[in-house]
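Remarks on the overall topology
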Amino acid sequence: MDAAQKPAAVPPEQVFDWLDAEAERRADAGLTRRLRPRPATSTELDLAGNDYLGLARDKRVAGAAAAAALRWGAGSTGSRLVTGSTELHAELEHELARFCGFQAALVFSSGFTANLGAVTALSGKDSAIVTDKYIHASLIEGCRLSRAGIAAIGHNDVAAIKHALATRRTQRALVVTDSVFSVDGDLAPLPELSAACREHGAALLVDDAHGFGVLGDGGRGAVHAAGLAGEPDVVMTVTLSKSLGAQGGAVLGSRRVIRHLVETSRSFIFDTGLAPASAAAALAALGVLKSEPELPGKVLANATRLAEQLTDAGFRASRPDAAVVSVQAPSPEDAVTWAARCAENGVRVGCFRPPSVPDGISRLRLTARADLSESDVDTAVKVVSASAPPRAATS
């Protein structure tokens, strides 16, 4: 198009015609997505959600949420710096920090906004970010918004991370990783990453969404298990919507890190605070975890049992380091069909396809829970096996 030539005006009803072409392209690639509202109660065996400890419907947790809604109202009424901070938020932050072994914590409205706020506030145009290629989308978006120089490194490649840190051109650097990666459920080499950071004067930011409540002493998380909790150069983020069965997210770190986030993190400053009911639910769930420290072990035992039985059945199942077990599918279309057939037979499983899977391999994603029985695991394996498409099994 000539520089002086203006694009032709189109009628209002045609302005979004390009969306139809994009939808067709996604359909051709087997990447169509649909919302599937679930009822309040269901007879399906749920291995798709992230309610690892089975607390989302626990009467102690749900009751605390209901009581808080009646006392504090349905919403927080504003951002945390205006009217959105309540005594519940402060108590939750104190208890999270104490439980996980950090000086302080800051609660956000979601795990996504917590990661977004932590990455952007702790980096910037004068810093470098070194990440694992498999980090969660929320961390990726934080990196994109950070204005920092970014090096995305091959999965769990500590040597490459060391090289990226050694050759950076900025004084400040931040290494960003998941603790447990959400696709295959494998664990990051946190001690080695911490050593690399200290060798090269970098900070370490760990998203412990899938480790908190499952790994570490009493479920204190992968960061705690690695001996890094409370270290001055380590920051941990968590979600309250997985092991705690509630809603929201939090950043844990030193007092000066949390102070910096309060004063600079845009996803904290300009976002409405977490609803009091969700804060109360998370507090109650944390209390259950403290009183029942055996729950994390049950999650790990069920995940191991799932993976072993699926592997014995001939499927390419991941070895779980936490609650997540993935099973490779032959194609995106096969993954969708496989998951749908599982649901038709009473077992709900997750379905991960590109771009959610960075390696391009589509998968079923099964999540273990503490409240699964051996019979539940056996049923899940039978349904997954009976519903499998051709070429799904390796033997």
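Nothing here was measured: the structure is a model prediction, and the numbers come from that model.

Here is what the cut-offs are and how they apply
Residues numbered from 1 in each chain as written. Predicted model: local features only at pLDDT ≥ 70, side-chain atom pairs only at ≥ 80, totals over all residues. Heavy atoms only, no water. Core = buried A, V, L, I, M, F, W, Y, C linked by side-chain atoms within 4.5 Å. Buried < 20%, exposed > 50% of the residue type's maximum accessible area, 1.4 Å probe, protein only. Helix = DSSP H or I, 4+ residues; strand = E, 2+ residues; numbered from the N terminus. Domains from an automatic or database assignment. Contact = heavy atoms within 4.5 Å. Salt bridge = Lys/Arg side-chain N within 4 Å of Asp/Glu carboxyl O. Buried area = accessible area lost by both parts, 1.4 Å probe. Polar contact = N/O pair within 3.5 Å; in protein donor to acceptor, adjacent residues only side chain to side chain. Right-handed = clockwise from strand over helix to strand, strands pointing away. Pairing = 2+ DSSP bridges. Axes fitted to C-alpha atoms, helices over the stretch in contact; angles between N-to-C directions. Parallel < 35°, antiparallel > 145°, perpendicular 65-115°, else oblique. Left-handed = near helix turned anticlockwise from the far one by under 90°. Nonpolar A, V, L, I, M, F, W, Y, C, P; charged D, E, K, R; others polar.

**A few points about the nonpolar core**
- With 90 residues, the main nonpolar core has Leu 96, Phe 212, Leu 252, Leu 306, Trp 338, Leu 364 and Leu 366 as its most contacted residues.
- With 10 residues, the top contributor of residues to this core is helix H11 (residues 276–291).
- Built from parts of two domains, this core gets at least three residues from each of domain 1 (59–291) and domain 2 (293–387).
- Dropping the residues within four chain positions of it, Leu 366 is found in contact with Leu 47, Leu 306, Leu 310, Ala 323, Val 324, Val 325, Val 327, Val 349 and Val 384.
- Core analysis: the next-biggest nonpolar cluster, separate from the first, contains 22 residues, Ala 118, Leu 205, Val 257 and Leu 261 among them.

**A look at the pattern of salt bridges**
- Counted according to the given criterion, the structure contains 15 salt bridges.
- Of the charged contacts, one joins Glu 141 and Arg 144 as a salt bridge, the two residues approaching to 2.6 Å between their closest N and O atoms. Of this pair, Glu 141 and Arg 144 both sit in helix H5 (residues 137–146), separated by 3 residues, roughly a single helical turn.
- In this structure Glu 141 comes out as partly exposed when scored by relative accessible area, which is 29%.
- Asp 184 serves as the salt-bridge partner of Arg 363, at 2.9 Å between the closest nitrogen and oxygen.

**Comments concerning the domain arrangement of the protein**
- Under the domain assignment used here, the protein contains domain 1 (59–291) and domain 2 (293–387).
- A separation of 26 Å is found between the C-alpha centroids of domain 1 and domain 2.
- Each side of the interface is counted separately: domain 1 has 19 residues, and domain 2 has 19 residues.
- Both faces considered, domain 1 and domain 2 share a buried interface measuring about 1400 Å² in area, 63% of it formed by carbon and sulfur atoms.
- Considering only the side of domain 1, the residues that lose the most area to domain 2 are Val 183, Asp 184 and Val 214, jointly responsible for 39% of the buried surface there.
- Applying the counting criterion to the domain 1 and domain 2 interface returns 1 salt bridge.
- The interface formed by domain 1 and domain 2 contains 6 residue pairs in polar contact (both at pLDDT 80 or more).

**Overview of the side chain of Ser 79**
- You can see Ser 79 is positioned in the loop between helix H2 (59–72) and helix H3 (87–100).
- For Ser 79, a relative accessible area of 14% gives the class buried.
- Filtering out sequence-adjacent residues up to four positions away, Ser 79 remains in contact with Gly 84, Ser 85, Ile 269, Asp 271, Thr 272 and Gly 273.

**Quick look at helix H4 (residues 111–121)**
- Among the 11 residues in H4, 9 count as buried, and that is most of the element.
- Three or more residues of H4 are buried, namely Gly 111, Thr 113, Ala 114, Asn 115, Leu 116, Gly 117, Ala 118, Val 119 and Ala 121.

**Focus on the environment of Gly 218**
- Structurally, Gly 218 can be placed in the loop between strand S6 (203–207) and helix H8 (222–225).
- With relative accessibility at 13%, the residue Gly 218 sits in the buried group.
- Discounting chain neighbours no more than four positions away, the residues touching Gly 218 are Phe 99, Leu 289, Pro 293 and Pro 296.

**What to know about the pairing of S6**
- Burial within S6 is extensive, with 4 of its 5 residues counted as buried.
- Handedness of the crossover joining strand S5 (residues 172–178) and S6 through helix H7 (residues 190–199) is recorded here as right-handed.
- Where S6 meets strand S7 (residues 234–239), 4 bridges bridge the pair, whose relative direction is parallel. Among the inter-strand pairings, Leu 205 is bridged to a residue of S7, identified as Val 235.

**Thoughts on unusual backbone geometry**
- A positive phi angle, close to 80 degrees, is found at Thr 77, a residue other than glycine.
- The phi angle at Arg 147 is positive, at roughly 70 degrees, despite the residue not being glycine.
- Here Arg 147 is to be found in the loop between H5 and strand S4 (149–153).

**Side note on the pairing of strand S10 (residues 347–352)**
- Alignment of strand S1 (residues 45–47) against S10, held across 3 bridges, turns out to be parallel. Bridge assignment links Leu 45 to a residue of S10, and that residue is Val 347.

**Let's talk about the packing of H3 against H11**
- Contact geometry of H3 with H11 gives a least axis separation of 9 Å together with a crossing angle of 30 degrees. In terms of axis orientation, H3 runs roughly parallel to H11. For the pair H3 and H11, the sense of crossing is left-handed. Contacts from Leu 88, Glu 91, Leu 92, Glu 95, Leu 96, Arg 98 and Phe 99 in H3 reach Pro 276, Ala 279, Ala 280, Ala 282, Leu 283, Leu 286, Leu 289 and Lys 290 in H11.
- A per-class count over the contact of H3 with H11 returns 11 nonpolar, no polar and 4 charged.

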